[in-house]
Amino acid sequence: MNEQEMIQAVRKHAYENYEKDGWDTVIECMADGDILELISDAKATNYMEAINAVHKLVKLRHDHEREIASGFDW
């Protein structure tokens, strides 16, 4: 699987899971180059490895945002 196919697989997964675990961050904030950097750093060779590599970052960010928000009395 080439890099562009993996990027498109990540984007497709992000659209399908937009409201879960921070995948909205991929759609709203990440360029293809950002996704490529994450999947390259993880040495992903297929779409599942690419999705997992990006998920690690967006889930961590999402959990951190939720933790911060839970400390405020809105």
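Our structure is the block above this text.
A brief structural summary. (Residues numbered from 1 in each chain as written. Predicted model: local features only at pLDDT ≥ 70, side-chain atom pairs only at ≥ 80, totals over all residues. Heavy atoms only, no water.)

## Notes on the nonpolar core
Among the nonpolar cores identified, the biggest contains 16 residues, and Val10, Trp23, Val26, Ile35, Ile39 and Val54 are the most heavily contacted of them. Per element, the largest residue contribution to this core is five residues, and it comes from helix 4 (residues 47-70). The residues contacting Val10, other than those within four sequence positions of it, are Trp23, Val26, Ile35, Ala50, Ile51 and Val54. (Core = buried A, V, L, I, M, F, W, Y, C linked by side-chain atoms within 4.5 Å. Buried < 20%, exposed > 50% of the residue type's maximum accessible area, 1.4 Å probe, protein only. Helix = DSSP H or I, 4+ residues; strand = E, 2+ residues; numbered from the N terminus. Contact = heavy atoms within 4.5 Å.)

## Let's talk about a nonpolar patch on the surface
Judged by side-chain polarity, Met1, Tyr47 and Met48 come together as a nonpolar surface patch covering roughly 320 Å² of accessible area. Note that Tyr47 resides in helix 4. Judged by relative accessible area, which is 43%, Tyr47 ranks as partly exposed. (Patch = residues over 30% accessible without salt bridge, like charges linked within 9 Å, V, L, I, M, F, W, Y side chains within 5 Å. Areas by Shrake-Rupley, 256 points an atom, 1.4 Å probe, with all protein chains shown as cover. Salt bridge = Lys/Arg side-chain N within 4 Å of Asp/Glu carboxyl O.)

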